[in-house]
Structures are given as structure tokens and as C-alpha cells.
Amino acid sequence: MSLRIGDKAPDFQAQTTQGPISFHEWLGNSYGILFSHPKDFTPVCTTELGYLAKLQPEFEKRNTKVIGLSVDPVGDHQRWLSDIKDATGGEVKYPLIGDHDLKVAKLYDMLPADSGETSQGRTAATNHTVRTVYLIGPDKLIKAILVYPMTSGRNFDEVLRLLDSIQLTATYKVATPVNWKHGEDVIIVTSVTDAEAKEKYPEGWKTVKPYLRVVPQPGSR
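Residues numbered from 1 in each chain as written. Predicted model: local features only at pLDDT ≥ 70, side-chain atom pairs only at ≥ 80, totals over all residues. Heavy atoms only, no water.

**Student:** Even after reading the chapter, I still don't get helix H5 (residues 156–171), so can you show me in this structure?
**Tutor:** Two residues of an α-helix separated by three or four positions point the same way, owing to the 3.6 residues in each turn. The end-to-end C-alpha distance of H5, which contains 16 residues, comes to 23 Å, matching closely the 22 Å that a straight helix rising 1.5 Å per residue would cover. Turning to H5, its buried residues number three or more, namely Phe156, Val159, Leu160, Leu162, Leu163, Asp164, Ser165, Ile166, Gln167 and Leu168. You can read the cap of H5 off the contacts: a side-chain oxygen lies 3.0 Å from the backbone nitrogen of Asp157, and it is on Asn155. (Helix = DSSP H or I, 4+ residues; strand = E, 2+ residues; numbered from the N terminus. Expected span 1.5 Å × (residues − 1). Buried < 20%, exposed > 50% of the residue type's maximum accessible area, 1.4 Å probe, protein only. Polar contact = N/O pair within 3.5 Å; in protein donor to acceptor, adjacent residues only side chain to side chain.)

**Student:** Mind showing me how you'd approach the pairing of strand S4 (residues 64–70) here?
**Tutor:** Along any regular strand the residues' side chains alternate between the sheet's two faces. Here S4 lies mainly inside the structure; six of its seven residues are buried. Note: strand S3 (residues 31–37) against S4, seven bridges, orientation parallel. Bridged to Ile33 within S4 is Val66. Crossover handedness for the path S3 to helix H2 (residues 43–61) to S4: right-handed. One ladder, built from three bridges, connects S4 with strand S5 (residues 96–98); its direction is parallel. Opposite Leu69, over in S5, you have Ile97 as the bridge partner. Handedness of the crossover joining S4 and S5 through helix H3 (residues 74–88): right-handed. (Pairing = 2+ DSSP bridges. Right-handed = clockwise from strand over helix to strand, strands pointing away.)

**Student:** Sorry if this is basic, but what is going on with the layout of surface pockets here?
**Tutor:** Over the atoms, a rolling probe the size of a water molecule traces out where space has been left empty. Its boundaries defined by the atoms lining it, the largest pocket holds a volume of some 160 Å³. Forming the boundary of the largest pocket are Phe12, Gln13, Ala14, Gln15, Val74, Gly98, Asp99, His100, Asp101, Lys103, Val104 and Leu107. Elements with a contribution of two residues or more to the lining of the largest pocket: strand S1 (13–16) and helix H4 (103–107). Split by residue class, the lining of the largest pocket holds five nonpolar, four polar and three charged. (1 Å grid on protein atoms, 1.4 Å probe; cavity = no way out; pocket = protein on both sides within 12 Å on 5 of 7 lines; lining within 4 Å. Points joined across faces, edges and corners; volume = space filled by probe spheres on them. Nonpolar A, V, L, I, M, F, W, Y, C, P; charged D, E, K, R; others polar.)

**Student:** Looking at this structure, how should I read the side chain of Thr132?
**Tutor:** Counting through the fold element by element, Thr132 comes out in strand S6 (residues 132–136). For Thr132, the residues in contact, after removing those within four places along its chain, are Leu34, Phe35, Ser36, Met110, Ile145, Leu146, Val147 and Arg154. (Contact = heavy atoms within 4.5 Å.)

**Student:** What exactly am I supposed to notice about the pairing of S3 here?
**Tutor:** The element S3 is extensively covered by neighbouring structure, given that seven of its seven residues are classed as buried. Bridge count between S3 and S6: four bridges; the pairing is antiparallel. Paired with Leu34 across the two strands is Tyr134, which belongs to S6.

**Student:** Help me understand the packing of aromatic side chains in this model?
**Tutor:** The description of an aromatic ring pair uses the distance of the two centres, along with the angle that the planes make with each other. Applying the stated rule across the entire model yields seven aromatic pairs. Each ring, one from Tyr108 and one from Tyr134, has its centre 5.1 Å from the other, and the planes form 70°; the classification is edge-to-face. Taken together, the positions of Tyr108 in the loop between H4 and S6 and Tyr134 in strand S6 put the pair 26 residues apart, joining distant regions of the chain. Both residues of the pair, Tyr108 and Tyr134, count as buried. Connected via pairs of aromatic rings, a cluster forms that spans Phe12, Phe23, Trp26, Tyr108 and Tyr134. The ring of Trp26 has Lys65 sitting right over it, with the charged end atom 5.3 Å from the ring centre. (Phe/Tyr/Trp six-rings, centres within 6.5 Å; stacked < 30°, edge-to-face > 60°. Lys NZ or Arg CZ within 6 Å of the ring centre and 35° of its normal.)

**Student:** Can you walk me through the environment of Pro95 in this structure?
**Tutor:** Assignment of secondary structure puts Pro95 in the loop between H3 and S5. C-alpha of Pro95 to C-alpha of Ile67: the two residues are 28 residues apart in sequence and 5.3 Å apart in space. When sequence neighbours within four positions are dropped, the list of residues in contact with Pro95 reads Thr16, Thr17, Gln18, Trp26, Val66, Ile67 and Gly68.

**Student:** What's the story with unusual backbone geometry in this structure? I'm lost.
**Tutor:** Outside of glycine, negative phi angles account for most residues, and trans bonds account for most peptide bonds. In the Ramachandran plot, Phe41 falls in the positive-phi region, its phi being about 60° despite a non-glycine side chain. Here Phe41 falls in the partly exposed class, since its relative accessible area comes to 38%. Of note in the backbone geometry, Leu102 takes a positive phi value of approximately 70° without being a glycine. Along the polypeptide, Leu102 turns up in the loop between S5 and H4.

As C-alpha cells, this is what we get:
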């Protein structure tokens, strides 16, 4: 199964560092960041988990839950947490899913179906495709997918920026331009006519091209 933006995020039951969960029930009415890594006790992922631990309060402000996944047992995750704190200063308070039987990685199309049924004997190299970030909405639909190679650390500031854009454009009929950050001008989508735009934005907008109308971010004042 190949997952795409707009698909329903597959539900699953799993053990985590904070106990058993049913994924959709755990998400509830929140947005979710599901991010995966190929193996515990790996250098790049250690830096990522520590940084995301420090950034977690920003996601919580945005009604967004964070959860990690690794193709390793929960016991290994628990031992790894102290390393992460020692190396980065970040104390991981979000759950980490144990996926020792590879079920979730396969369910989310990060490993092929013929990858076997155990993480035992597998290395970070054989799991290199398990380096994905899924942004999931309260409706349980996938809003964005980011895939990284094993040697490149993820930019979670960018994930936060992308989340801001997704939440804004889910509420207003706008789009965000290149390199947009929260509070900056946005674009009125082309499906909104000028007559409709006058009602929504009585103070007007800047017309760069007939199809490119720029307006201050709604709700930012």
C-alpha cells in the first residue's frame, strides 16, 4: 500500500515507552506528528530526538501530539532515552513506538512486505527507508509526508513551519508563499473571486498578478 497526502493514516495498536496505544484513539482531536527512524542508538537520530524533545512545547501549543517509531523493541527505546538526554540535553517526554515485528513500518509503506517479521539482525542500513515524517490531521487524514535519507538530519523547525501553514490553510481560504513564516503575508487562493475577497478582506490586498493576490495573514492580529 502506497500512502499519499489525503489518505487516511492507518490505525494500529502498539506498545510504546508510555504503555499500549491505539493510534487513532491516542490522536483524539489533535494533529499528530509521527516520525520514524531506522534503529536505536544511531547518531543522527539521537540528535533528532533530543532536539524534538526541546521543541515539543511548541507543538503542544498547536494542539499537536508527537510520537516516534523505531524498528526496535520498547526495552531498547527505554535504554536509549538516557543517552539522548546526555548527548543533547533534551528529555524525551513523547512516546516511542516499539516496532520489533515491523508491522507499523510495513503498514506505513516504509519497509517492503517481504522484510520479514522481526527487527532482530537488522541494521540501520537495512532499515534506511524508515526515515519519514507524517503530519496527520484531527480527521486522521495525512496532510504531509517528508522522507529523508539516513545521513541527513531532519529539520524539525521546518516541520513546525509546515504545520503552521497546514493549520492556517485549513481554516482560511489562503495559501502560503515560498519560505513563509507565521505572521507573514499569505496568498488568496484562486478559487476566491475578487468579489468574495472584498467581503473577506475589506481593507484590500496587493495584486502582483491577476492570479497572485497577497494579503496580511488572517487571524494574526
